[in-house]
Amino acid sequence: MDTQSEPQLLHGKCRGMRDMLPGDMLRFRRVEDAFVDACRAYGYEEVKPPTIEYLQLFTALGTLTPAMVGRVYSFLDWDGWSGERVVLRPDSTIPVARLYVENLAPRSPVRLFYVTNSFVFEETGRKNRERWQCGAEFIGGAPVVADVEIVLLASDVIARLGLEDVRFQVCHAGLLKALIDELDLSAQDKEHLVESVLEGDWRGLEAAVAGVADRKRYLPPLLSLKGVSSGYLQNVRALSAGAGPEFRRALDQFIEVSSLLDELECSYEIDITAVRSFEYYTGICFQLVSSAGEKVGGGGRYDDLIPLMGGPNIPACGFALYVDQMMLLLDGRDGGTARAAVVCDDSSAGAVRRTLEVARAVRAAGGVASVGIKRGPEFTGRFRWVLRVASETAETVELTDSETREQVTCSIAEAVERLVS
Amino acid sequence: MQAIGPDGIRFALPKGRFLSSASELLDAAGVSFEDYSSKTRQYRLLSSRFESLSAKILQEKDISVHVSVGNYDLGICGRDWVREMKARYPAAALVEVGSLPLREGAVYLATSAYSDLTCLEEVKRSNRTLHLVSEYPGVATLLAAELRLKRFRVFPVWGAAGAYPPESADLVVMWAGDERDLVSQGLRPLKKLFEVDAMLVANSGSLSARDMSEVLACFSGRLEVARNAGDVPVADGGGLPQSGLLTAWQSREIRLALPDGHQKTPAVELLERAGLDVPGYAGKTSERRLLPGIDWLAVKVIRPQDMPLQVASGHFDLAVTGQDWLHEHLCAFPSSPVVELLDLGFGKVRVVAALSEDVPVSTTEELSRFVARGGFRPLRVASEYTNIADRYLRDNHIGAYKVMPTWGASEAFLPDDADLLVDNTQTGKTLVENRLKIIEVILRSSACLIANAESLRAPSKKAKIDELRAMLAGAVNETG
């Protein structure tokens, strides 16, 4: 056997799980802080749904595709003798909709946001099975104005993070469903097409659209909707006089939202394929894509979800940022306060007390202080300031600025003032 | 992938429904095994043609598990057990090499012929909580998701699934020879989920890393493309008129589950001594709903393994099961509303932890130290009682272990496919024959009467349950 190799860890982390280290958490908090600050500025209120929900919440309403349901972490709870399975939430929009229906309905409008993890099984174990997201839901928000609001909110978060390379791709799930409905196909074939598009396979739809009759010539241009302006949508509209009312309604709504975004100088691209797992989406959908083509967020309108859950007939829309992907776009800079090490070479009880008092004074003044008795190598480099306490009775400290290497001896009050200024 | 013999190829062969047809097919394909017949008492078989090939005869549901974990390179088992494995563990290392031209029935979704759910559409539309019972809980859960059932609960059972609807379940996902087979059991087929053909399966690690071409070549001309199952056309119209037996059964207040299998004979004797007449229970009848002489008592015959869960969920008020199965249930569900009312004295077994005589360990503490020193990595545990085994290992701080579920004859898995056995034994003779030694008696068990705690709180039920308990207690004391 491989006795020469590195000693094996006795207990490693679970496959597909991730340790977030200090550098990761700095990035995580930057995303979270930017998101929370933006949400508060728009008047959203924070909620936190529980980690465990009943499985049937996700299976019953057509809210998750059966393929997704096959990947959830579900099990019988300790009191699962009743046969009811529970699940580690695989998605957060559905639990938040449940939370609304159970606790807040029929209050409307309600703007909610949350930072949650969700759990989805993935075979290789190389991708994260626990995923974090920052989500916002605007329940009771009528079409167009609420759609625009959530796009603006998402772009505000991106701006706060200084991520210029993230693009917005906008499409319309209702239009896509109406498009499939316009095709002269059997109900079963249409259902099949919806399913394959849900799985990200567009070939069937492209073939079906390519073969449409002349009177439906307005359909093919829709599939090539990519990177175009709202003017393009107006042109499609002009050609589609013969289309059904659902199609026309969806297209009008799409045009209205995109024109508003144009006027607000919010940059975005139209991309009909930007819709994934739109099972509960009914209207405008969007996704956020990094310059590397990675999807870092997405959202849209889901008017049927609240009524399906037995709640009032209230429309809703929302979005989520995928924190794990967003973190990759940020560096691990510590934007916070310069930290101070308060150290003492004397380990007598009196000197330790003195050192702790000096550290407390730094913190009381709003600084960040860590204490080290017996100054060691760990206090090099990681601290902007080093305050050296000589003894129990010392009224002065030796203050070193690790950036300039300047060293002064001054009173405790002076030192504190200097390092928090 | 550990535990695959370093040189040989290991093949898992099915017991039961596919045994004789698979044996014929293997002979014709030139992959015969000596003694692969229903009469064999051997677990381990040798190939008559390939020196490097050996086989073991296992239950089909064990085959999907043990090929996945890598104890076997190849195996033959029914599509139903492959589907169940994949439904529960989508990432299982189980490759479907192909379908063999052996077909035995199909898996159906069915309801009672007397149910108000007369077609699939009604099932989908139903707003009440539907109880699904199945030997394939994974398949049943996926089906419930596909059908978008609004509210459902899935109850796994070891067997006799067809006996549950309509009183103890709304729907059943079960194997049957054909639709007539279901109808004869008082069921109405709603959907044929898939036909059950025998499949040649392989461990994915073995398939990618080992040269098994000589053996696989023998099957190449015999693999088929699997057929798709369609919906069963369902006769329209409402339910059948209620049968007399069913109406009478359902009208009785107290529902008692009695065991089939090994526990039946001693249970019959106890009931006789207690003066409790249950016509049709003794002997070889297949009727599972029985009407005892006491006019408030309804009896159903099911597997003892399934009784605690069924009593807990209120489908039965009382059951005669084993303390082992009660304990197994309570390990999984500590707050379960099942209570033991009476020790019935018969069916005494010990649930023990045992391992091969060759392992230098004779107590649980020694096992714990042995595992900590890297003696097994990880300790592979085969058990019919997965929850008891899990608790025993946890409580004794055994480091790294995996528990593999088995369905009987677990001793056959040691030492090749598992390191530790947690199983029941009456005399310990089978263990000795298989060169195993007991390191701990985890539980001493005998048959017992269990009750649902809710039923005991209902005054009218309580009085009747007390009466029945007294009758049985008298009979137990009689035998001393």
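Scoring rules and cut-offs
The written sequence of each chain sets the order in which its residues are numbered from 1. Each chain gets a letter, beginning with A, and each ligand a number, beginning with 1, in the order they are written. In keeping with the predicted nature of the model, local features appear solely for residues at pLDDT of at least 70, side-chain atom pairs appear and are counted solely at 80 or more, and the whole-chain, interface and lining totals rest on all residues. Helix and strand definitions here come from DSSP, where helices need a minimum of 4 consecutive H or I residues and strands a minimum of 2 consecutive E residues; each element is numbered from the N-terminal end. Each radius of gyration is computed over the set of C-alpha atoms, and the globule rule expresses the reference value as 2.2 Å times the number of residues to the power 0.38. Residue burial here comes from a neighbour count, namely the number of other C-beta atoms, placed from the backbone, that lie within 10 Å of the residue's own C-beta, with 20 or more meaning buried, 12 or fewer meaning exposed, and in between meaning partly exposed. Contact between two residues is assigned whenever their backbone-derived C-beta positions fall within 7 Å. By our criterion, buried Ala, Val, Leu, Ile, Met, Phe, Trp, Tyr and Cys residues that link up through C-beta atoms within 7 Å make up a nonpolar core. Each residue gets one label: Ala, Val, Leu, Ile, Met, Phe, Trp, Tyr, Cys and Pro are nonpolar, Asp, Glu, Lys and Arg are charged, and the others, such as Gly, are polar. A strand pair is defined by DSSP finding two or more bridges across the two strands. Here the axes come from fitting lines to C-alpha atoms, over the contacting stretch only for helices, and the angles between their N-to-C directions go from 0 to 180 degrees. Orientation is classified from the angle alone, with under 35 degrees giving roughly parallel, over 145 giving roughly antiparallel, 65 to 115 giving roughly perpendicular, and any other angle giving oblique. Throughout, a crossing is termed right-handed when the near helix is turned clockwise from the far one, and left-handed when it is turned anticlockwise from it by less than a right angle. Where a domain begins and ends is set by an automatic assignment or by a domain database.

### Some points on the overall build of chain B
Then, number 1: Counting its secondary structure elements, chain B contains 17 helices and 20 strands.
Then, number 2: The C-alpha radius of gyration of chain B comes to 24 Å, within 12% of the 23 Å expected for a compact globule of 480 residues.
Then, number 3: In terms of its C-alpha atoms, chain B occupies a principal-axis envelope of roughly 65 × 60 × 40 Å.
Then, number 4: For chain B, with 480 residues in total, the buried portion stands at 45%.
Then, number 5: Long-range pairs, those at least 24 residues apart, make up 72% of the contacts in chain B between residues at least 6 apart in sequence.

### Some remarks on the overall build of chain A
Then, number 1: Tallying secondary structure elements over chain A gives 15 helices and 17 strands in all.
Then, number 2: A principal-axis box enclosing the C-alpha atoms of chain A has dimensions of 95 × 55 × 50 Å.
Then, number 3: Buried residues in chain A amount to 39% of all 421 residues.
Then, number 4: Intrachain contacts of chain A at a sequence separation of at least 6 include 66% that bridge at least 24 residues.

### Quick word on the nonpolar core
Then, number 1: Formed by 166 residues in total, the largest nonpolar core has its most connected members in L321(A), L132(B), V172(B), V173(B), L318(B) and I450(B).
Then, number 2: With eight residues, helix α5 (residues 145–160) of chain A is the largest single contributor of residues to this core.
Then, number 3: Setting aside chain neighbours within four positions, we find L321(A) in contact with V31(A), F35(A), Q133(A), C134(A), V157(A), V296(A), G297(A) and M326(A).
Then, number 4: V67(B), A198(B), V361(B) and F376(B) belong to the second-largest nonpolar core, a separate cluster that totals 63 residues.

### Digging into the interface of chain A and chain B
Then, number 1: Counting residues at the interface gives 18 residues for chain A and 23 residues for chain B.
Then, number 2: For the side of chain A that touches chain B, the secondary-structure elements that each account for two or more residues are α2 (56–59) and α3 (66–69) of chain A.
Then, number 3: Split by residue class, the side of chain A that touches chain B holds six nonpolar, seven polar and five charged.

### Considerations on the sheet that holds strand β7 (residues 152–156) of chain B
In a beta sheet, neighbouring strands are held together by backbone hydrogen bonds and run either parallel or antiparallel to one another.
Residues and elements named next belong to chain B.
Then, number 1: Taken in spatial order, the nine strands line up as β2-β3-β1-β4-β9-β5-β8-β6-β7 in an open sheet, and their pairing is mixed. Two strands in the sheet have a free side with no partner beyond their single neighbour: β2 (44–46) and β7. Between one strand axis and the next, the sheet turns by 25° as a mean value, whatever way the strands run.
Then, number 2: Strand direction decides the pairing type here: strand β1 (residues 9–14) and strand β3 (residues 53–58), joined by six bridges, are parallel.

### Observations regarding the packing of helix α3 (residues 79–88) of chain B against helix α5 (residues 137–146) of chain B
Residues and elements named next belong to chain B.
Then, number 1: Closest axis-to-axis distance for the α3/α5 pair is 7 Å, and the angle between their directions is 65°. Relative to α5, α3 is oriented roughly perpendicular. For α3 against α5, the interelement crossing comes out left-handed. On α5, the residues touching R83, E84, A87 and R88 of α3 are G138, V139 and L142.
Then, number 2: A breakdown of the residues in the contact of α3 with α5 according to their chemical character gives three nonpolar, one polar and three charged.

### Quick look at the pairing of β3(B)
Residue and element names in this part refer to chain B.
Then, number 1: Most of β3 sits out of view: five of its six residues are buried.
Then, number 2: Of the strand pairs in this sheet, β2 and β3 are connected by three bridges, and their pairing is antiparallel. Directly across from R44, in β3, lies its bridge partner K56.
Then, number 3: Between the end of β2 and the start of β3, which pair antiparallel, lie six residues.

### Thoughts on the domain arrangement of chain A
Then, number 1: Each domain of chain A was delimited in the assignment, giving domain 1 (22–327) and domain 2 (339–420).
Then, number 2: Computed from C-alpha atoms alone, the centre-to-centre distance between domain 1 of chain A and domain 2 of chain A is 52 Å.

### Here's the deal with the domain arrangement of chain B
Then, number 1: Split into domains, chain B comes out as domain 1 (9–103 + 196–222), domain 2 (106–195), domain 3 (244–347 + 446–478) and domain 4 (349–445).
Then, number 2: With centres defined by C-alpha atoms, the gap from domain 2 of chain B to domain 4 of chain B works out at 36 Å.

### Topic: unusual backbone geometry
Then, number 1: Omega for the bond connecting S108(A) with P109(A) falls within 30 degrees of zero, at 0°, which places this linkage in the cis form.
Then, number 2: For P109(A), the location among the structural elements is in the loop between α4 (93–104) and β5 (110–119).
Then, number 3: Of the consecutive residues P165(B) and P166(B), the connecting peptide bond is found in the cis state with omega at 0°.
Then, number 4: Along the chain, P166(B) turns up in the loop between β7 and β8 (171–176).
Then, number 5: We note that E265(A) has phi near 55°; this positive angle belongs to a residue other than glycine.
Then, number 6: One can find E265(A) in the loop between α11 (245–263) and β9 (269–271).
Then, number 7: On the basis of neighbour counts, which here come to 6 C-beta atoms within 10 Å, the residue E265(A) falls in the exposed class.

### Some words on the environment of V82(B)
Residue and element names in this part refer to chain B.
Then, number 1: As for its placement among the helices and strands, V82 is situated in helix α3.
Then, number 2: Considered as a pair, V82 and S368 are 286 residues apart in the sequence and their alpha carbons are 34 Å apart.
Then, number 3: Those residues in contact with V82 that sit more than four places away from it in its chain are S64, C77, L94, E96, M199 and V201.

### Thoughts on the sheet that holds strand β3 (residues 73–76) of chain A
Residues and elements named next belong to chain A.
Then, number 1: Pairing is antiparallel in the open sheet, where three strands are placed in the order β2-β4-β3. Here the strands that pair on one side only, and so sit at the sheet edges, are β2 (52–54) and β3. Ignoring which end each strand starts from, the neighbouring axes of this sheet average 35° apart.
Then, number 2: Where β2 and strand β4 (residues 85–88) come together, three bridges link them in antiparallel fashion.

### What to know about α5(B)
Residue and element names in this part refer to chain B.
Then, number 1: Burial analysis of α5 places nine of its ten residues in the buried class, which makes it a mostly covered element.
Then, number 2: Taken residue by residue, α5 has P137, G138, V139, A140, T141, L142, L143, A144 and A145 as its buried positions.
Then, number 3: Phi turns positive one or two residues past the end of α5, at R148, with a value near 55°.

### Looking at the packing of helix α10 (residues 230–239) of chain A against α11(A)
Residue and element names in this part refer to chain A.
Then, number 1: Packing of α10 against α11 leaves a shortest axis separation of 9 Å and a crossing angle of 155°. Between α10 and α11, the interaxial angle falls into the category roughly antiparallel. Here α10 runs over α11; the crossing is left-handed. Where α10 abuts α11, its residues S230, L233, Q234, V236 and R237 lie against L251, F254, I255, S258, S259 and D262.
Then, number 2: Of the residues contributing to the contact of α10 with α11, the split by class is five nonpolar, four polar and two charged.

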